[in-house]
Amino acid sequence: MSNIWINKNHDDLNQSHSSEKQFLLFNLFDKKNKSNVKTDMEQLWRKFGINSLTSINEDFLIIASSIFCVDKRIPRKNFSDSWTRTLRLSIPVLEVEKWNSVKEELEYVISFLSGDKWIFEFRQTNLRFRTDKINTKNLIDGGKYDSVSLFSGGLDSFCGALTLSENKRNTLFLGFREYNLLTNRQKELFDAINDHYTVLENELLLFNVNPLAPIQRGEKTEKLSVESTSRSRSLLFIAGAISVASILGKETPVYIPENGFIGVNVPLTDSRTGSCSTRTTHPIFIDSLNSVLEKVGIKNKVSNFYWNKTKGEILEEHQNNAIFKRYATRTLSCSHPCLSRYDKKKSEKVVTPCNCGYCYPCLIRKASFVKIGKDETCYNPLYELSKDFILNYNNIQGRASDLKAVLFSLRRYIDHQEDSEYIRSLLVRQGPLNSEELDGYERVYRKSMEELLEMIKLNGKGLIEYTGIKEAEAHV
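Residues numbered from 1 in each chain as written. Predicted model: local features only at pLDDT ≥ 70, side-chain atom pairs only at ≥ 80, totals over all residues. Heavy atoms only, no water.

**Describing the overall build of the protein chain**
- Of the regular secondary structure elements, the protein chain holds 17 helices and 12 strands.
- Along the three orthogonal principal directions, the C-alpha set of the protein chain runs to about 70 × 55 × 50 Å.
- For the protein chain, the residues scored as buried account for 58% of the 476 residues in total.
- Considering only intrachain contacts with a sequence separation of at least 6, the fraction spanning at least 24 residues in the protein chain is 75%.
- Carbon and sulfur atoms make up 46% of the accessible area of the protein chain, which amounts to about 20,700 Å² in all.
- Treating the 66 positive side-chain charges of the protein chain as one cloud and the 60 negative ones as another, the clouds have centres 6 Å apart. (Helix = DSSP H or I, 4+ residues; strand = E, 2+ residues; numbered from the N terminus. Buried < 20%, exposed > 50% of the residue type's maximum accessible area, 1.4 Å probe, protein only. Contact = heavy atoms within 4.5 Å. Areas by Shrake-Rupley, 256 points an atom, 1.4 Å probe, with all protein chains shown as cover. Lys, Arg positive; Asp, Glu negative; His and termini not counted. Charge placed at Lys NZ, Arg CZ, Asp CG, Glu CD.)

Here is the structure:
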């Protein structure tokens, strides 16, 4: 187990008062040069001309930031099964009684999200985070907006922005600023939407949290590397969105537009329990998080209006939209869009950022474009889906690992497509669903698998044969 201490504004760890000998520290200080967590999240409220959030919203943002820092900087490989971590966090909060009242529920929610064992210990603080300044220039008028939606620069969030715009919603879009190249793409896509829907009030607000290596206190020094999975990043996005929504109005909704196939997160193989995709929009996570937030007094609800649609169906809705036609292929669905920079020496055709074309989100993206008949996305040209691609990158964590898992899931689907009970047993692997959710997700799962199968048939050289799917089966 790793013991982590979060400092807010000053270092208050006194190891003589604790039975634990080893601690990892993350410092969230007002003086940025003394913090090992670099962040500009104070812009989430300063942009509106106020100097702080409410106490409970500040707490939630600090909690989410702390979880993200730990998730990003405590590697899974250091634990016995190289995946499940046991993590105990001591977090300073302003409303300690409220957070202690939902402690076990919050531990369950975050454990479900990341696949780890989280233990939270909340301690009282009266210190506020970066309340020393009030912006007076280039302020956002919160009264103009009626909703907040996450905007990553991905295909689903781009389509979500189009849906909200077509429904005449005045939306403040919130994004995470991680790399300049990705930030530029986010702004390009937002500007295209904003310039087209001129009668609407839209705004894009970006923020960043960047944890450096934790400070180690104790007799031993642990070798720590950056963890690549970082499932809790989405919790940080949500906390930022809720922070902004709370300023706009006590019940201003927060939207997370994501297709239902990704949301229900069916394990692709028996050994991969959903590790290659997020659980952010799984109904268990959304419902449980909303319950926790309501109990502590946060009334801004989180929801996903795409929960019962495949990615292909989402694209079908917008395929005749002028902005979609021009900019959909500029979106980035890839799990590592900047990784192509390492391939630039191999070919001048490689650009950064780009969709790799072989990771799980890219495979679903390709399948969704097959649904509407045309895909002009710029994928990494060095990697083509084929039997040879699998043979060339056939190691456990190699480039072909997601493709092999998808092919296995297709084989499994074809073998059991007539067995509704079996399909539903896959859907509840992550947890129970109500009857409406089961009906909706079963339809989405079947349609999504058909989209993937069609994509493999059209793009995959030798992949149908590699999977062992007969030609007759491939036409189901």
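Next comes the rest of the write-up.
**Here we look at the packing of aromatic side chains**
- Summed over all chains, the structure comprises 21 aromatic pairs.
- Taking 4.8 Å as the distance between ring centres and 80° as the angle between the ring planes, the aromatic pair formed by Phe 305 and Tyr 306 counts as edge-to-face.
- On the numbers, 6.1 Å between centres and 80° between planes, the contact of Tyr 413 with Tyr 445 is edge-to-face. One end of the pair, Tyr 413, is in helix H14 (residues 401–416); the other, Tyr 445, is in helix H16 (residues 435–459), with 32 residues separating them in the sequence. (Phe/Tyr/Trp six-rings, centres within 6.5 Å; stacked < 30°, edge-to-face > 60°.)

**What to know about the packing of helix H4 (residues 103–114) against helix H9 (residues 283–296)**
- Following both chains from N to C, one finds H4 and H9 inclined at 150°, their axes separated by 10 Å at the closest point. In terms of orientation, H4 and H9 fall into the roughly antiparallel class. As H4 packs across H9, the resulting crossing turns out to be left-handed. Across the interface between the two elements, Glu 105, Leu 106, Tyr 108, Val 109, Phe 112 and Leu 113 from H4 touch Ile 284, Phe 285, Ser 288, Leu 289, Ser 291, Val 292 and Lys 295 from H9.
- In terms of residue class, the contact of H4 with H9 is built from nine nonpolar, two polar and two charged. (Axes fitted to C-alpha atoms, helices over the stretch in contact; angles between N-to-C directions. Parallel < 35°, antiparallel > 145°, perpendicular 65-115°, else oblique. Left-handed = near helix turned anticlockwise from the far one by under 90°. Nonpolar A, V, L, I, M, F, W, Y, C, P; charged D, E, K, R; others polar.)

**Points about H4**
- Here H4 is 12 residues long and its end C-alpha atoms lie 17 Å apart, about the 16 Å a rise of 1.5 Å per residue gives.
- Of all the residues in H4, the buried ones are Leu 106, Glu 107, Val 109, Ile 110, Ser 111, Phe 112, Leu 113 and Ser 114.
- Following H4 by one or two positions, Gly 115 adopts a phi angle in the positive range, close to 80°. (Expected span 1.5 Å × (residues − 1).)

**Thoughts on the environment of Asn 395**
- Residue placement: Asn 395 occurs in the loop between helix H13 (387–392) and H14.
- Take Asn 395: its relative accessible area is 45%, and that puts it in the partly exposed class.
- Residues Asn 395 and Leu 182, 213 residues apart in the sequence, show an inter-C-alpha distance of 29 Å.

**Describing the confidence of the model for the protein chain**
- On average, residues of the protein chain carry a pLDDT of 92, and 96% of them reach 70 or more.
- Of the regions scoring below 50 in pLDDT, residues 272–276 engages in 17 contacts with residues more than four places distant in sequence or in other chains. (pLDDT = per-residue confidence, 0-100.)

**Thoughts on unusual backbone geometry**
- Going from Thr 352 to Pro 353, the amide bond is cis rather than trans, its omega being 0°.
- The topology assignment puts Pro 353 in the loop between helix H11 (322–327) and helix H12 (360–372).
- We note that Asn 9 has phi near 75°; this positive angle belongs to a residue other than glycine.
- Assignment of secondary structure puts Asn 9 in the loop between strand S1 (2–8) and strand S2 (23–28).
- We note that Asn 138 has phi near 55°; this positive angle belongs to a residue other than glycine.
- Here Asn 138 lies in the loop between strand S5 (117–124) and strand S6 (147–150).

**Quick look at helix H6 (residues 180–196)**
- Helix length check: H6, at 17 residues, gives a terminal C-alpha distance of 24 Å against a target of 24 Å (1.5 Å per residue), a fit within 8%.
- Those residues of H6 that sit buried are Leu 182, Thr 183, Arg 185, Gln 186, Leu 189, Phe 190, Ala 192 and Ile 193.

**Things to note about the sheet that holds S1**
- The five strands are arranged S5-S4-S1-S2-S10 in an open sheet whose pairing can be described as mixed. Looking along the sheet, the strands with just one partner apiece sit at the ends: S5 and strand S10 (215–217). Shown here is a sheet whose adjacent strand axes are inclined to one another by a mean of 25°, direction ignored.
- Bridging between S1 and S2 involves five bridges; their strand directions are parallel. Each bridged residue has a counterpart across the sheet, and for Asn 7 the counterpart in S2 is Asn 27.
- Taken strand by strand, helix H2 (residues 55–73) contacts S1, S2, strand S4 (86–93) and S5, and its axis lies near 150° from that of S4. (Pairing = 2+ DSSP bridges.)

**A short note on the pairing of S4**
- The buried fraction of S4 is high, at six of eight residues.
- Sheet topology places S1 next to S4; four bridges connect them, and they run parallel. Residue pairing in the sheet places Ser 2 in a bridge with Leu 87 of S4.

**What to know about the sheet that holds S6**
- Read across the open sheet, the five strands follow the order S8-S7-S6-S11-S12; overall the sheet is parallel. Each of the sheet's edge strands pairs with one partner strand only, and the pair in question is strand S8 (203–207) and strand S12 (302–303).
- In terms of strand pairing, strand S11 (residues 254–255) meets S12 through two bridges, oriented parallel. Within S12, the position partnered with Tyr 255 by the bridge is Ser 303.

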